[in-house]
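Chain by chain, the residues:
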Amino acid sequence: MPKENSSNLRPDRLNNTLLALASFSITVALVCAIAWYRSVTEPVTLDDIDYTQREILAQQLIQISPGTHEWAWFEPRIGYTLKRNAELTMWNDTFVSNELGYRTGQEKKTAGVFRVLFVGDSWTFGMGVTQEESYPKVFERLANNHSSDSDRNADRKIEAWTLSLPGYNTFNYINALKFFFHRLEPDAVVFAPSSNDNHSATNVLPNGSTSRAGVMQDQFGDPHSVVYNAHTITSFRYNKRWEIAYEQIKEVESRLEELKIPSVIFWLARWSENHVHYWTDNSGLSSPYLVVPSQYTLGKWRNPLPIGHGNPEAHELYGYMVYTLLAHRLGLEALPSPLSTSDIEWPQVFTQPPDNKKLVASYKQYAHSQTRKQIAESFEPNDNDRNLQLQSPGRLDIRTGIMGRATTILIRRREAVDRLSITVARLPGAPFIYPMEISVGIPSAADVTSTLFTIPRDGDETSIFELEIPSDIPVGAAMDVIFEAENVSSFPNRLSTRSIYIKKIEQVESSNGSALEKGTQSETRPING
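Nothing here was measured: the structure is a model prediction, and the numbers come from that model.

Criteria and cut-off values
The residue numbering used here restarts from 1 in each chain and proceeds along that chain's sequence as written. Reporting in this predicted model follows two pLDDT cut-offs: at least 70 for local features of residues, and 80 or more for side-chain atom pairs to be given and counted; totals over whole chains, interfaces and linings ignore these cut-offs and use all residues. Side-chain numbers here rest on the full set of heavy atoms in the structure, without hydrogens or water. Secondary structure follows DSSP: runs of H or I at least 4 residues long count as helices, runs of E at least 2 residues long count as strands, and numbering of each begins at the N terminus. Every residue pair with non-hydrogen atoms within 4.5 Å of one another is taken to be in contact. In these tables, accessible area is a Shrake-Rupley quantity obtained with a 1.4 Å probe, and a residue counts as shielded only by the protein chains included in the view. In this scheme, a helix's expected span is set at 1.5 Å multiplied by one less than its residue total. Accessibility here uses a 1.4 Å probe with only protein chains present; expressed as a share of the type maximum, an area under 20% marks a residue as buried, one over 50% as exposed, and anything in between as partly exposed. Counting of polar contacts relies on pairs of N or O atoms within 3.5 Å, with two restrictions inside protein: one atom must be capable of donating a hydrogen and the other of accepting it, and residues adjacent in sequence are counted only when both atoms are side-chain atoms. When DSSP finds at least two bridges between two strands, those strands are taken to pair. Using only the protein atoms, space was sampled on a 1 Å grid; points where a 1.4 Å probe fits but cannot get out form cavities, open sets with protein on both sides within 12 Å along at least five of seven lines form pockets, and lining residues are those with an atom within 4 Å of a point. Grid points are joined across faces, edges and corners, and a volume is the space filled by probe spheres set on the points. Here the term charged refers only to Asp, Glu, Lys and Arg, the term nonpolar to Ala, Val, Leu, Ile, Met, Phe, Trp, Tyr, Cys and Pro, and the term polar to all other amino acids, Gly among them. The criterion is simple. A nonpolar core is a set of buried Ala, Val, Leu, Ile, Met, Phe, Trp, Tyr and Cys residues joined through side-chain atoms within 4.5 Å. The aromatic pairing rule takes the rings of Phe, Tyr and Trp, using the six-membered ring of Trp, and pairs them if the centres are within 6.5 Å, calling planes under 30 degrees apart stacked, those over 60 edge-to-face and the rest tilted. Axes here mean lines fitted to C-alpha atoms, for a helix over just the part in contact, with angles spanning 0 to 180 degrees between N-to-C directions. Oblique is the label for any angle not covered by the other classes, which are roughly parallel (under 35 degrees), roughly antiparallel (over 145) and roughly perpendicular (65 to 115). In this scheme, a crossing is called left-handed if the near helix is turned counterclockwise away from the far one by less than a right angle; it is called right-handed if the turn is clockwise.

(A) How the structure looks around the overall build of the protein chain. Counting secondary structure elements, the protein chain contains nine helices and 23 strands. Look at the contacts in the protein chain between residues 6 or more apart in sequence, and 72% of them connect residues 24 or more apart. Just so you have it, the protein chain exposes about 25,600 Å², and 51% of that area is on carbon and sulfur atoms.

(B) Up close: helix 8 (residues 312-330). Over its 19 residues, helix 8 runs 26 Å from end to end, which matches the ideal 27 Å to within 8%, given 1.5 Å per residue. Two residues or fewer after helix 8 comes Gly331, characterised by a positive phi angle close to 80°.

(C) Structural view of the side chain of Asp197. Counting through the fold element by element, Asp197 comes out in the loop between strand 7 (188-192) and strand 8 (203-204). Overall, Asp197 belongs to the buried group, its relative accessible area being 0%. Within the structure, the side chain of Asp197 is placed 2.8 Å from the side chain of Tyr173, a separation counted as a polar contact. Among the polar contacts listed, one links the side chain of Asp197 to the backbone nitrogen of Ser194, at a separation of 3.0 Å. Excluding residues that lie within four positions of it along the chain, Asp197 makes contacts with Asp121, Tyr168, Asn169, Thr170, Tyr173, Ala192, Phe220 and Trp242.

(D) Fine view of the pairing of strand 22 (residues 500-508). Bridge count between strand 13 (residues 402-403) and strand 22: two bridges; the pairing is antiparallel. When the bridges of strand 22 are listed, Ile402 appears paired with Tyr501.

(E) Inspection of empty space enclosed by the protein at higher detail. Applying the stated criterion across every chain, the model contains one cavity of 30 Å³ or more. Put simply, the largest cavity is a space of about 60 Å³. Lining the largest cavity are Arg103, Thr104, Thr124, Phe125, Gln131, Ser134, Pro136, Lys137, Ala160 and Thr162. Going through the elements one at a time, helix 3 (122-125), helix 4 (135-147) and strand 6 (157-164) are the ones with two or more residues in the lining of the largest cavity. Looking at the lining of the largest cavity residue by residue, the class counts come to three nonpolar, five polar and two charged.

(F) Representation of unusual backbone geometry. In this structure, Pro306 follows Leu305 across a cis peptide bond, with omega equal to 10°. Considering the arrangement of structural elements, one finds Pro306 in the loop between strand 11 (289-291) and helix 8. For the peptide bond that leads from Tyr434 to Pro435, omega is 0°, which places it in the cis range. Among the structural elements, Pro435 can be located in the loop between strand 15 (419-426) and strand 16 (436-442). A positive phi angle, close to 60°, is found at Lys260, a residue other than glycine. Mapping Lys260 onto the fold places it in the loop between helix 6 (236-258) and strand 10 (263-267). Backbone geometry places Ala269, a non-glycine residue, at a positive phi of 95°. Its place among the elements puts Ala269 in the loop between strand 10 and helix 7 (273-283). Judged by relative accessible area, which is 3%, Ala269 ranks as buried.

(G) Summary view of the sheet that holds strand 22. Read from one edge to the other, the open sheet built from four strands follows the order 13-22-15-18, with strand pairing classed as antiparallel. A strand with exactly one partner marks an edge of an open sheet, and here the two such strands are strand 13 and strand 18 (462-468).

(H) Summary view of the nonpolar core. Among the nonpolar cores identified, the biggest contains 59 residues, and Tyr102, Leu163, Leu177, Phe191 and Trp267 are the most heavily contacted of them. Of all hydrophobic cores here, the second largest spans 37 residues; its members include Leu390, Ile455, Met479 and Ile500.

(I) Focus on the packing of aromatic side chains. For the structure shown, the criterion picks out 26 aromatic pairs. With a centroid separation of 5.4 Å and an interplanar angle of 80°, the aromatic rings of Trp91 and Phe125 are classed as edge-to-face. In this pair, Trp91 is assigned in the loop between strand 3 (87-90) and strand 4 (93-96) and Phe125 in helix 3, connecting sequence segments 34 residues apart. Of the residues examined, Trp91 reaches a relative accessible area of 22% and is grouped as partly exposed.

(J) Spotlight on the sheet that holds strand 5 (residues 113-120). As summarised here, the arrangement of the six strands in space is 6-5-7-10-11-12, forming an open sheet in which the pairing is mixed. One side of each edge strand has no neighbouring strand; the edge strands of this open sheet are strand 6 and strand 12 (349-350). Bridge count for strand 11 against strand 12 is two bridges, and the pairing is antiparallel. Looking across to strand 12, one finds that Leu290 is bridged to Val349.

(K) Highlighting the packing of helix 7 against helix 9 (residues 356-374). For the pair helix 7 and helix 9, interaxial distance at closest approach is 9 Å and the crossing angle is 125°. By the angle class used here, helix 7 and helix 9 are oblique. Helix-helix and strand crossings are classified by hand; for helix 7 and helix 9 the assignment is left-handed. Where helix 7 abuts helix 9, its residues Asn274, His275, His277, Tyr278, Trp279 and Asp281 lie against Asn356, Leu359, Val360, Ser362, Tyr363, Lys364 and Tyr366. Its residues assigned to classes, the contact of helix 7 with helix 9 comprises six nonpolar, five polar and two charged.

Following this line, the structure appears as structure tokens:
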């Protein structure tokens, strides 16, 4: 009887089970479908993938990318241009590059043309907008349309010529200006520095794409490519690189003055006004200048990532601003603003920096506060955001501390310390590169120090050594701790370099002689700042 009852109930249980399984399967399918939909519709950014995945992705892109750039073999100090006389599609635009490798007009200057040469980087190129939407072209249209009613300007046509590319730094566009100057015959020059122009320039890979990988010494003299994630900080190398950049502009500005060619400086892309005033006064620049308020490079004025530059509306605004600056220099008539002035902060044209004493105090106070906010007093690799401490993203895995050939880590100096305690470790599976010398230094304006120590092949994997802090680095300033390895090895299945683990950097009051592990040899010597 029980067996019979059991038999009678089995179909219902089976139906219920099948129904439950079907319901579960549908739920799983829906979840998978939603996940798939999100994966194909929501863009993945570089922040979403780890260090290893980024390198694998970079290698794949090098293999499949057709490339759009050429190495400037005719003048290597320019770095690179676009492929010349080529139809290119990049950064939301399809265009034909000219015979010099730029997205702009033809080289030959026709009679009656007043050529204004814009030199800069991605912001002046117009990354993310078309050539006609870029602010130099906006200026060109404004100047020609407005001057058509002016007897003084009716006999000439104003032309904007753009000697700018994404990735250019001060060295790139200054050397391009020097090299092409006599061929382009400019009648006026607009320098358009961006707030990252003291970064390393990119290299051109064999396939024509660009990368900062492989830089052993950049144009500013550092032993690796430099990209600052922290902005406006008190660091010797940060300030030294800006000093070098301003010297480049000042040299060309002086030559233009001798040739009686007017120039202006259009500070575009996330500048703080006190930074510009301070360095303009410090370097002796004399051209009239205007600082675009940083809010007009963000928010509604910005193209979405990964472009992250000004959108067409922003370039319209920049065009009016640069017209205002050039009108002051060239004697053009003032434009009536077509934009509402109620919500636009129109920047001032400066012929010289404001009061020097207030300027210095304001800049130093701002830089000090930014250093305190952005730079930690110690370093230890982890999954938290320590990228602000790195001057060389890609040269150090922030999660593990694996270093390539060279890197720089910023450490904010605290009170009552005179040395750093640095812990490093040998890489497992790379015995061929050891024993290996590692140089670590802290440059400063006067009292520069470094140490040279050896990572042994055998014995303890971890080594600890100490490094004296230069006495002229003030409390609260960022120290540039520069590591250089004698040898490197590749990662398994990848071509990227590795040398050591940087495990920890701490500040200590004094050396007690116990920090140096057995097998580590060290000596202190001066290095160039």
